[in-house]
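# Results of the structural survey
Listed below, chain by chain, are the residues.
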Amino acid sequence: MILSFGEIPQPHEVLTLVYAYAEADPDTFFTKDEQGQDILPTDYIMYVVDMLIKAAQEQYQANGLKNIQIKIIPAKNKEGKEIYRIFGMATAVRVHITYQMPNI
């Protein structure tokens, strides 16, 4: 799977947009570094990116995503508890790969 936050230089065909969504509890959203500063919640972000990948592969037989966008929005759930909503959107593409990465 090719992932790009911009354009893909290889020849490819654009298939469609794919979307993903997750909710996170603010108490477990951020982790702290050695100085006590909040660290970006990569686990939740990677979970949403993984859902985008699966949707693109399963629904459209895509082998790439481009223009990946992640938005994190503070909100409240039905019970009034504070949550974060993590939205993901990307363009599913089929890349015409002629080059294989060497095995390391």
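Residues numbered from 1 in each chain as written. Predicted model: local features only at pLDDT ≥ 70, side-chain atom pairs only at ≥ 80, totals over all residues. Heavy atoms only, no water.

### A look at the overall build of the chain
The test is simple: Runs of H or I in DSSP of at least four residues are treated as helices and runs of E of at least two as strands, each being numbered from the N terminus. C-alpha atoms define the radius of gyration, and 2.2 Å times the number of residues to the power 0.38 defines the globule rule. Contacts: residue pairs with any heavy atoms within 4.5 Å of one another. Charged residues are defined narrowly, with Lys and Arg counted positive, Asp and Glu counted negative, and His plus the chain ends left uncounted. Where a charge lies is defined by one atom per residue type: Lys uses NZ, Arg uses CZ, Asp uses CG and Glu uses CD.
Counting secondary structure elements, the chain contains two helices and six strands. A compact globule built from 104 residues should have a C-alpha radius of gyration of about 13 Å, whereas the chain, at 17 Å, is more than 25% larger. Counting only C-alpha atoms, the chain reaches 50 × 35 × 20 Å along its principal axes. For the chain, restricting intrachain contacts to residue pairs at least 6 apart in sequence, the fraction spanning at least 24 positions comes to 71%. Taking the 9 positively charged and 13 negatively charged side chains of the chain as two groups, their mean positions are separated by 7 Å.

### Points about a nonpolar patch on the surface
This is how it is decided: Only residues above 30% relative accessible area that lack a salt bridge enter a patch, with like-charged residues linked at up to 9 Å and the nonpolar side chains Val, Leu, Ile, Met, Phe, Trp and Tyr linked at up to 5 Å. For every accessible area listed, the method is Shrake-Rupley and the probe measures 1.4 Å; residues are considered covered only by the protein chains on display. Any Lys or Arg side-chain nitrogen found within 4 Å of a carboxyl oxygen on Asp or Glu counts as a salt bridge. Only protein chains enter the accessibility calculation, which uses a 1.4 Å probe; a residue whose area is less than 20% of its type maximum is buried, one above 50% is exposed, and one in between is partly exposed.
A grouping of Tyr21, Ile73 and Phe87 is seen on the molecular surface, where their side chains present a nonpolar patch of about 250 Å² in accessible area. Inspection of the secondary structure assignment puts phenylalanine 87 in strand E6 (residues 82–95). Assessed through its relative accessible area of 35%, phenylalanine 87 is described here as partly exposed.

### Considerations on the sheet that holds strand E5 (residues 64–76)
Rules: At least two bridges found by DSSP between two strands is the condition for calling them paired. Note on geometry: axes are lines fitted to C-alpha atoms, helical ones only across the stretch in contact, with angles between N-to-C directions running from 0 to 180 degrees.
Sheet architecture is open: four strands sit in the order E1-E5-E6-E2, paired in mixed fashion. This sheet does not close on itself; its edge strands, each paired only once, are strand E1 (2–3) and strand E2 (12–24). In this sheet, E5 lies alongside E1 in parallel orientation, the contact comprising two bridges. Within the sheet, the bridge partner assigned to isoleucine 2 lies in E5 and is glycine 64. Each of E1, E2, E5 and E6 touches helix H2 (residues 42–60); the most contacted strand, E2, lies at about 140 degrees to it.

### Quick notes on unusual backbone geometry
Residue glutamine 61 is not a glycine yet carries a positive backbone phi of 50 degrees. For glutamine 61, a relative accessible area of 53% translates into the label exposed.

### Structural notes on the side chain of threonine 91
Position of threonine 91 among the secondary structure elements: in strand E6. Setting aside anything within four residues of it in sequence, one finds threonine 91 in contact with Val14, Thr16, Leu17, Gly64, Leu65, Lys66 and Asn67.

### Looking at H2
Where we set the bar: Multiplying 1.5 Å by the residue count of a helix minus one yields the expected span of that helix. This arc describes the spread of directions from the helix axis toward the C-beta atoms.
When the terminal C-alpha atoms of H2 are compared, their 26 Å separation across 19 residues agrees well with the 27 Å that a helix rising 1.5 Å per residue should span. Regarding H2, the residues found buried are Ile45, Val48, Val49, Leu52, Ile53, Ala55 and Ala56. Along the axis of H2, the buried residues cluster in a sector spanning 160 degrees; they form a single face. Of the residues in H2, the exposed ones pointing more than 90 degrees away from the buried face are Asp43 and Glu58. Those residues of H2 hidden inside the fold are in contact with E1, E2, E5 and E6.

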